[in-house]
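Listed below are the residues making up each chain.
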Amino acid sequence: MSRRAAISGKDMSGNPTLPPGQRETATFPRFGLPRYAFRFPKTTAPLRIAIRGDAVQSAILDWEPERIGRTEQSCDFHCVTTWTHRDLRWSGVRFADFYERIVKPLVRPDADATLLVLHGQDGYQSALPLIDMLAQDVLLADMLDNAPLSVAHGAPLRLIAPAHYGYKAVKHIEAMEFRRSDAGYRPVGLRFMAHPRARVAFEERGRWIPGWILRRLYRPLIGPTSLLFRRALNLRASPKA
Ligand SMILES: Nc1nc2c(c(=O)[nH]1)N[C@H]1C(S)=C(S)[C@@H](COP(=O)(O)O)O[C@H]1N2
Ligand SMILES: [Mo]
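Residues numbered from 1 in each chain as written. Chains lettered and ligands numbered in written order. Predicted model: local features only at pLDDT ≥ 70, side-chain atom pairs only at ≥ 80, totals over all residues. Heavy atoms only, no water.

Chemist: So what's going on with the pattern of salt bridges? Which residues, and what values?
Modeler: With the rule as written, the count across this model stands at 17 salt bridges. Here Asp76 makes a salt bridge to Arg86, at a shortest N to O gap of 3.4 Å. Placement of Asp76 in strand 4 (residues 71-78) and of Arg86 in strand 5 (residues 83-94) is noted, with a sequence separation of 10 residues between them. Each member of the pair Asp76 and Arg86 is classed as buried. The network of salt bridges with common partners includes Glu24, Asp76 and Arg86. (Salt bridge = Lys/Arg side-chain N within 4 Å of Asp/Glu carboxyl O. Helix = DSSP H or I, 4+ residues; strand = E, 2+ residues; numbered from the N terminus. Buried < 20%, exposed > 50% of the residue type's maximum accessible area, 1.4 Å probe, protein only.)

Chemist: Kindly report on the environment of Ala201, identifying the contributing residues and their values.
Modeler: Position of Ala201 relative to the elements: it lies in the loop between strand 11 (173-179) and helix 5 (211-218). Placed 36 residues apart in sequence, Ala201 and Tyr165 show a C-alpha to C-alpha distance of 9.5 Å.

Chemist: Talk me through the confidence of the model for the protein; I want residue IDs and the actual numbers.
Modeler: Averaged over every residue, the pLDDT of the protein is 93; residues scoring 70 or more account for 93%. Below pLDDT 50 for its whole length, residues 1-6 participates in 9 contacts with residues either more than four positions away or in separate chains. (pLDDT = per-residue confidence, 0-100. Contact = heavy atoms within 4.5 Å.)

Chemist: Before we move on, can you summarise the site of ligand 1 with the specific residues and values?
Modeler: Inspection of the region around ligand 1 gives 20 residues, with Pro29, Asp122, His153, Arg158 and Lys171 positioned closest. Within the backbone of Phe31, a nitrogen or oxygen atom sits 2.9 Å from an oxygen atom of ligand 1. With respect to ligand 1, the side chain of Lys171 contributes an N or O atom lying 2.5 Å from an oxygen atom. Protein burial of ligand 1: of its 530 Å² of free accessible surface, 98% is covered by the chains. (Near = heavy atom within 4 Å. Polar contact = N/O pair within 3.5 Å; in protein donor to acceptor, adjacent residues only side chain to side chain. Areas by Shrake-Rupley, 256 points an atom, 1.4 Å probe, with all protein chains shown as cover.)

Chemist: Can you break down the nonpolar core residue by residue, with the values?
Modeler: Formed by 56 residues in total, the largest nonpolar core has its most connected members in Trp90, Phe95, Phe98, Met176 and Phe178. Among the elements that line this core, the one with the most residues is helix 3 (residues 95-107), at 6 residues. Residues contacting Trp90, with those up to four places away along its chain left out, are Phe28, Thr71, Glu72, Gln73, Cys75, Leu139, Ala141, Met143, Leu144, Leu149, Arg158 and Ile160. (Core = buried A, V, L, I, M, F, W, Y, C linked by side-chain atoms within 4.5 Å.)

Chemist: Hey, could you go over the sheet that holds strand 6 (residues 115-120) for me, with residue numbers and the actual values?
Modeler: The strand order across the open sheet formed by 5 strands is 3-2-11-6-7, and the pairing between neighbours is mixed. The open sheet has two edge strands with one neighbour each: strand 3 (59-62) and strand 7 (125-129). The sheet shows a mean angle of 25 degrees between the axes of neighbouring strands, direction not considered. Taken together, the 3 bridges between strand 2 (residues 48-52) and strand 11 define a ladder with parallel strand orientation. Paired with Arg52 across the strands is Glu177, a residue of strand 11. (Pairing = 2+ DSSP bridges. Axes fitted to C-alpha atoms, helices over the stretch in contact; angles between N-to-C directions.)

Chemist: Please give an account of the pairing of strand 7 that cites residues and values.
Modeler: For strand 7, the tally of buried residues reaches 5 of 5 residues, placing the bulk of the element in the interior. Neither face of strand 7 is left uncovered, since the one carrying Gln125, Ala127 and Pro129 and the one carrying Ser126 and Leu128 both have all their residues buried. The sheet contact formed by strand 6 and strand 7 spans 5 bridges and is antiparallel. Across the sheet, the residue bridging to Val117 is Ala127, located in strand 7.

This is the structure in structure tokens:
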């Protein structure tokens, strides 16, 4: 059984069903919180990742995927605003392998390192429990469809965590913060929007407000948001247009 079938099941004609409240989109838009639409990575060159936080030794690590072992993975991408784009083919390194082979020996995280905050070059950030990050389908991806990641989709490196909503899938990763707890952690955006786990199968869209209500609030934002993100990208490509 494919991983996707395991997550989302199949309907009576054998087609994979979508998770609750999601709708398939033909396009894969550049997307995010509006305030990040006009922010871009400073560099897309092969990178170094800063490691910091109260549960680890600080360090700067080189991104050397071939040393860890590359993996490919096809999976669906689920945005919290209800669009799903199916069957994207990513290439990169399993986070669990990066953690075991690079992080553990080199920066020795404490046994009570339980939270990982990923930081993007555009100032975006998102947090997941370390236990969720270690799942076999969580990838640090640097390629999509056999090509290096585009700026639109997260160059030079992004997270892919298919069991969680897209807002956990930080693009343009520059730093990883290993923490003992979320005490004092402030998510980007409004507090109600950031669920600590954001699992798609359980419709954990946000905190406090049920997922089926947030569906209706978020859905009308898809059109304007993807338009804004596309315009910002075009403007960056041709500043005078
Ligand atoms: N650095 C960064 N990562 C980000 C975002 C962002 O604005 N900046 N938006 C998040 C959201 S809400 C979504 S749905 C996905 C969108 O990924 P895409 O632009 O490749 O479709 O990126 C996530 N990661
Ligand atoms: Mo999203």
